[in-house]
Amino acid sequence: RPLADGGSSSPPTSSPAADNGTTSHPNGTLQQLPQIIIIGVRKGGTRALIEMLSLHSAVVAAQNEVHFFDWESHFQKGLPWYLSQMPYAFPEQLTVEKTPAYFTSAKVPKRIYQMNPNIKLSHPRDCVGHRI
Ligand SMILES: Nc1ncnc2c1ncn2[C@@H]1O[C@H](COP(=O)(O)OS(=O)(=O)O)[C@@H](OP(=O)(O)O)[C@H]1O
């Protein structure tokens, strides 16, 4: 999995934990960088989406919004920190996180692309009507 390769959009990578994008646990589970990110939009039903996805046995979801790519204080901690925020999963499972604020930050697309240009992004298309 490609990782950030330097430049102002790249976080520091001081720990070896993110060298292959995973860190393992003795029971066979491991923390993986997400293969899927729900990027927005706020009040678009993103919590409902991630909770429905996590009902599937092939999916493990981060419990909290990580705000890695949009908050400088988090991004500067680097990919090892981002990885540490991910849930433990079996290798065949997919890891997903949701931070709807990613959709409104101009820095985010390049940063996500540098981490993994093949990542799947999810964006609930039809915002629920109760806010209109
Ligand atoms: N299917 C469906 N139909 C109508 N409304 C729905 C649906 N799913 C989620 N919701 C409402 O969406 C609001 C939460 O959206 P998000 O999870 O994206 O919120 S957040 O941006 O992460 O804060 C939240 O609304 P509020 O309670 O008014 O905030 C949910 O009640």
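Residues numbered from 1 in each chain as written. Predicted model: local features only at pLDDT ≥ 70, side-chain atom pairs only at ≥ 80, totals over all residues. Heavy atoms only, no water.

What follows deals with the pattern of salt bridges. Scanning the model with the defined rule gives 4 salt bridges in all. With a shortest N-O distance of 2.9 Å, Lys 98 and Glu 65 are connected by a salt bridge. Placement of the pair is Lys 98 in strand β6 (residues 94-98) and Glu 65 in the loop between β4 (59-61) and α2 (72-75), with a sequence separation of 33 residues. Here Glu 72 ties to Lys 107 by a salt bridge, and the two come within 3.0 Å at their closest N and O atoms. Taken together, the residues span a long stretch of sequence, with Glu 72 in helix α2 and Lys 107 in the loop between β6 and α4 (108-115) at a distance of 35 residues. Several salt bridges converge on common partners, so that one network encompasses Arg 42, Glu 65 and Lys 98. (Salt bridge = Lys/Arg side-chain N within 4 Å of Asp/Glu carboxyl O. Helix = DSSP H or I, 4+ residues; strand = E, 2+ residues; numbered from the N terminus.)

Cis geometry marks the peptide bond from Gly 40 to Val 41, where omega comes out at 0°. Along the chain, Val 41 falls in the loop between β3 (36-38) and α1 (46-53). Positive phi is not limited to glycine here, since Lys 43 has a value of about 65°. Along the chain, Lys 43 turns up in the loop between β3 and α1.

The next thing to look at is the sheet that holds β4. Here we have 4 strands laid out as an open sheet, ordered β4-β6-β3-β7, and parallel in their pairing. This sheet does not close on itself; its edge strands, each paired only once, are β4 and β7 (120-122). Pairwise comparison of adjacent strand axes, ignoring direction, gives a mean angle of 25° for this sheet. As defined by bridge partners, β4 adjoins β6 across 3 bridges and the pair is classed as parallel. When the sheet's bridge partners are listed, Val 59 is paired in β6 with Leu 94. Sitting on the sheet, α1 is in contact with β3, β4, β6 and β7, with an inclination near 165° to β6. (Pairing = 2+ DSSP bridges. Axes fitted to C-alpha atoms, helices over the stretch in contact; angles between N-to-C directions. Contact = heavy atoms within 4.5 Å.)

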